[in-house]
Amino acid sequence: MSDHAGVESNRRVFLRSALAATTFLATARTARPLAFAAGHKVERTFAPVNVSRDRLIREVVGLRPYRAEGFVVDAERLGEKLLIHNYGHGGAGITLSWGTAALAVALARDFVGARTARPQRGLRPAQRRFAVLGCGVNGLSTARLLQRSFQDGPGTVTIYARDLPPGTTSNVAGGFWSPTTLYEPEFVSAKFLEQFRQACRISNRAYQLLVGPEYGVRWIDTFSLYDNEEELTSELPGGNDLYPEYKVHRDAKRYFGAPYARQYSTMLIEPSIYLNALLRDFYIAGGKLVVKEFHSREEIARLPEPVVFNCAGLGARALFGDEKLGPVRGQLEVLLPQAEIDYCYLGNGYMFPRRDGVILGGTFDHGDWSLEPKPEQTTQILEAHAEIMKGLK
């Protein structure tokens, strides 16, 4: 084949790809009702969620790693090692993962600098090696930030974990970006609130840069439903400035039968797509993964890596003796996908329309370790969402 023929072939491939992309974008742009047409405002319409038991495709149960005092991002010495904790995110594990990972990785910088700045005469600087405990969203996010910050050849970062995607707690999360259900205001410290503020903003920005089908992240219209106007005065989790297109509605006839509704945009993350993409990126960057379960600090102290990140989630309770950490059980009902559903809502339950199914939830059972679906909760969740759909006009 001549060079000219090769170039022409590549050009045709590029043009076909560009045409396909243009078609996709045009479809995506017209999939949602237009806000304005010919200078006139067009009312937002809602396709109804088909809430029916015969459309149920699976039920999943997850245990949120909850601490009334909020997540832990802190460092301590473990013999000659540095042990950095990053766990206890409650119902905001996916939401805050990049933010708390950034805070945790920052704690390692001085330690790593001290070990590599002044090597002994005749010896090469010590290679930087890190261990991450856990392969859920916080373990993977921490591992990726370590690779970006300290990459020193293949094997710079090793993840040690008992469970891998798709078998992690993160895989059964809803994936809705909202830093909620992770602390009790009366128990938190000023230090935590500052960490929380930073983590919200870092993570929100990080997810914006991942929007697209490759990572399963997209912006979506969301409606929070309320029975009284006083609830409108509180800020959305993390601050109203993190949610574009914010507005308040007082029209029960149009907004799910609720007297008051707040509308805003946030991001929806598809866990199965997202976690697989993170694991792929980790491998591409030279990461190493070891399937292993730890039972004591002594086992961790014997690891070859000088810096260890504890991203064990609920496992940190037994492994590190954190009795303040406990489960908050959440049960989800997953209905057949409905491509026409282009909104989320949160009220007497929550609904997230993902490509792998329509997610219906609304349970928060503190101290419950059961991973088995409860039939009475199945009925409760389906009935609650069917009632919300009755208010949809």
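Residues numbered from 1 in each chain as written. Predicted model: local features only at pLDDT ≥ 70, side-chain atom pairs only at ≥ 80, totals over all residues. Heavy atoms only, no water.

### Observations concerning the pairing of strand β4 (residues 72–78)
- Where β4 and strand β5 (residues 81–87) come together, seven bridges link them in antiparallel fashion. Residue pairing across strands places R77 opposite L82, the latter belonging to β5.
- Connecting β4 to the next strand, β5, in antiparallel fashion are two residues, including G79 with a positive phi near 65 degrees. (Pairing = 2+ DSSP bridges. Helix = DSSP H or I, 4+ residues; strand = E, 2+ residues; numbered from the N terminus.)

### Some points on the confidence of the model for the chain
- Residue-level pLDDT values for the chain average 89, and 85% of them are 70 or greater.
- Low pLDDT (under 50) marks residues 1–38, which in the prediction has 15 contacts with non-local residues, meaning those over four places away or in another chain. (pLDDT = per-residue confidence, 0-100. Contact = heavy atoms within 4.5 Å.)

### Describing unusual backbone geometry
- With omega at 10 degrees, the peptide bond leading from P165 into P166 counts as cis.
- Looking at where P166 falls in the secondary structure, it is placed in the loop between β7 (157–161) and α4 (190–208).
- Positive phi, normally seen in glycine, also occurs at E245, with a value near 60 degrees.
- With respect to the element layout, E245 can be found in the loop between β8 (217–226) and β9 (247–249).
- Backbone geometry places F256, a non-glycine residue, at a positive phi of 60 degrees.
- Looking at where F256 falls in the secondary structure, it is placed in the loop between β9 and β10 (260–269).

### Topic: the nonpolar core
- Core analysis: the biggest nonpolar cluster contains 68 residues, and I159, Y207, Y274, V307 and F309 have the highest contact counts within it.
- Looking at this core element by element, the count peaks at 10 residues for helix α2 (residues 93–117).
- In this view, F309 contacts I84, A104, V105, A108, F130, A131, V132, L133, T142 and L146; residues no more than four positions away in its chain are not counted.
- In this structure, V49, A258, M351 and L382 belong to the second largest nonpolar core, which totals 22 residues. (Core = buried A, V, L, I, M, F, W, Y, C linked by side-chain atoms within 4.5 Å. Buried < 20%, exposed > 50% of the residue type's maximum accessible area, 1.4 Å probe, protein only.)

### Quick look at the environment of L56
- On the secondary structure map, L56 appears in strand β3 (residues 56–66).
- Considering only alpha carbons, one finds L56 and E333, 277 residues apart in sequence, at a separation of 6.9 Å.
- Beyond its immediate chain neighbours, meaning those up to four positions away, L56 contacts E333, V334, L335 and T378.

### Side note on α4
- Over its 19 residues, α4 runs 28 Å from end to end, which matches the ideal 27 Å to within 8%, given 1.5 Å per residue.
- If you check which residues of α4 are buried, you get F192, Q195, F196, A199, C200, S203, N204, A206 and Y207. All buried residues of α4 fall inside an arc of 160 degrees around its axis, so they share one side. (Expected span 1.5 Å × (residues − 1). Arc of directions from axis to C-beta.)

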